Amino acid sequence: MTVDAMHTARSWRGARLVVFWVICVLAVLVDQVTKAAVRASLVPGQPQEFIPGVLDLSFVKNTGAAFSIGEGAGPVFIVFAAVVLAFGIWLVWSHDSLPMPLVVSAACVCGGGVGNMIDRMIFGYVTDFFATTFMDFPVFNVADIGVVVGGVLLCIHVIFTYSKEPKPEEKP
C-alpha cells in the first residue's frame, strides 16, 4: 500500500468514526430526552392523544425486549446491547472499505441499543411511549425506531449492493 493510499484509508476511517459517533450519540440523546419527558409528564396506563387516530403517548414500563419478549431478562439485554455496541465500534474501526450506509446502519442500531440499555441499568425497565391507534402494535420508543431504521438500512444496502453483482459464468 502506498503512503497516499494509507493516508486516504486513515482519513476515511476518521470520517466513518465521526459519522458513527455523531449518529450514535444523537440517537441516545434524543431517546433519553424523550423518555425523561414521558416519565415526568405521563402516568402509566393513562394514554394521551398525540396525533388523533394515529398515535397516542402512553407511558409503559417494559421489562422485556421488543414486543415484551423475554420479560424480566434485563441483565441479558444489557449484556447483549454492550456486545452489539462493541461489535459496531470494531466494525467501523477495523474495516477501511466499509460503505457509509453500513456505518449509518451500525450507528442507528448501536444508538438505539445503548438508549434502551441505559433505561434498563437505571430503572430496571425500558420506557416505551409511542402507541399506534390505527392498528394493534406494541408500544415503542425512539431507541426502537433507531434499531429498526438501522436494520432497514442494512437490508436496503444488501439488496441493492448484492443484486448488482455480476453472476459467475456457468461452466459447461
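What you see is a predicted model; the values in this text were computed from it and never measured.

(A) The arrangement of the packing of aromatic side chains in detail. Under the defined criterion, the tally for this structure stands at six aromatic pairs. Between Phe87 and Trp90 the ring centres are 5.6 Å apart and the planes differ by 35°, which places this aromatic pair in the tilted class. With a gap of three residues between them, Phe87 and Trp90 both fall in helix H2 (residues 74-94), about one helical turn apart. Residues Phe137 and Phe140 carry aromatic rings whose centres are separated by 6.0 Å and whose planes lie at 85° to one another, so their mutual orientation is edge-to-face. The class of Phe140 is buried, set by a relative accessible area of 18%. Aromatic rings pair up to connect Phe129, Phe130, Phe137 and Phe140 into one cluster.

(B) Region of the structure containing the environment of Val19. Its place among the elements puts Val19 in helix H1 (residues 3-41). Along the sequence, Val19 and Val92 sit 73 residues apart, while their C-alpha atoms lie 9.9 Å from each other. With sequence-adjacent residues up to four places away left out, Val19 is seen in contact with Met100, Val103 and Val104.

(C) Local environment of the sheet that holds strand E3 (residues 126-132). Here we have three strands laid out as an open sheet, ordered E1-E2-E3, and antiparallel in their pairing. Among the strands making up the open sheet, the edge pair consists of strand E1 (48-51) and E3. Taking each pair of neighbouring strands and ignoring which way they run, the sheet shows an average axis angle of 40°. In the sheet, strand E2 (residues 55-62) pairs with E3 via six bridges, with the strands oriented antiparallel. Paired with Val60 across the strands is Asp128, a residue of E3.

(D) Region of the structure containing the side chain of Arg120. Of note, Arg120 is situated in helix H3 (residues 100-123). There is no salt bridge for the buried Arg120, and the closest opposite charge comes from Asp144, which lies 6.8 Å off by N-O distance. Of the polar contacts made by the side chain of Arg120, one reaches the backbone oxygen of Gly64; its length is 2.9 Å. Dropping the residues within four chain positions of it, Arg120 is found in contact with Gly64, Ala65, Gly74, Phe77, Ile78, Tyr125 and Val126.

(E) Here's a closer look at the nonpolar core. Phe20, Val92, Leu98, Val103, Cys110 and Val114 are the most contacted members of the largest nonpolar core, which has 16 residues in total. At the level of secondary structure, the elements contributing two or more residues to this core comprise H1, H2 and H3. Among the elements that make up this core, the one with the highest residue count is H3 (seven residues). Apart from residues lying up to four places away in sequence, Val92 is in contact with Arg16, Leu17, Phe20, Leu98 and Val103. In terms of nonpolar packing, the next biggest core, distinct from the first, is built from ten residues, Leu42, Leu55, Leu57 and Phe59 among them.

(F) A look at the packing of H2 against H3. Interaxial distance between H2 and H3 falls to 9 Å at its minimum, and their mutual angle equals 150°. In terms of their interaxial angle, H2 and H3 are classed as roughly antiparallel. Pair H2 / H3 crosses with left-handed handedness. Residues Gly74, Phe77, Ile78, Ala81, Ala82, Val84, Leu85, Gly88 and Val92 of H2 form the contact with H3, whose own contacting residues are Val103, Val109, Cys110, Gly113, Val114, Met117, Arg120 and Met121. Class assignment of the residues belonging to the contact of H2 with H3 gives a composition of 13 nonpolar, three polar and one charged.

(G) Representation of H2 within the structure. Taking 1.5 Å per residue, 21 residues should reach 30 Å; H2 reaches 30 Å between its end C-alpha atoms and fits that length. Listing the buried residues of H2 in full gives Gly74, Phe77, Ala81, Leu85, Gly88, Leu91 and Val92. What you see down the axis of H2 is that its buried residues fit within an arc of 130°, all on one side. Every exposed residue of H2 that faces more than 90 degrees away from the buried side is listed here: Pro75, Val76, Val79 and Val83.

Basis of the calculations
- Residues numbered from 1 in each chain as written.
- Predicted model: local features only at pLDDT ≥ 70, side-chain atom pairs only at ≥ 80, totals over all residues.
- Heavy atoms only, no water.
- Phe/Tyr/Trp six-rings, centres within 6.5 Å; stacked < 30°, edge-to-face > 60°.
- Helix = DSSP H or I, 4+ residues; strand = E, 2+ residues; numbered from the N terminus.
- Buried < 20%, exposed > 50% of the residue type's maximum accessible area, 1.4 Å probe, protein only.
- Contact = heavy atoms within 4.5 Å.
- Pairing = 2+ DSSP bridges.
- Axes fitted to C-alpha atoms, helices over the stretch in contact; angles between N-to-C directions.
- Lys, Arg positive; Asp, Glu negative; His and termini not counted.
- Salt bridge = Lys/Arg side-chain N within 4 Å of Asp/Glu carboxyl O.
- Polar contact = N/O pair within 3.5 Å; in protein donor to acceptor, adjacent residues only side chain to side chain.
- Core = buried A, V, L, I, M, F, W, Y, C linked by side-chain atoms within 4.5 Å.
- Parallel < 35°, antiparallel > 145°, perpendicular 65-115°, else oblique.
- Left-handed = near helix turned anticlockwise from the far one by under 90°.
- Nonpolar A, V, L, I, M, F, W, Y, C, P; charged D, E, K, R; others polar.
- Expected span 1.5 Å × (residues − 1).
- Arc of directions from axis to C-beta.

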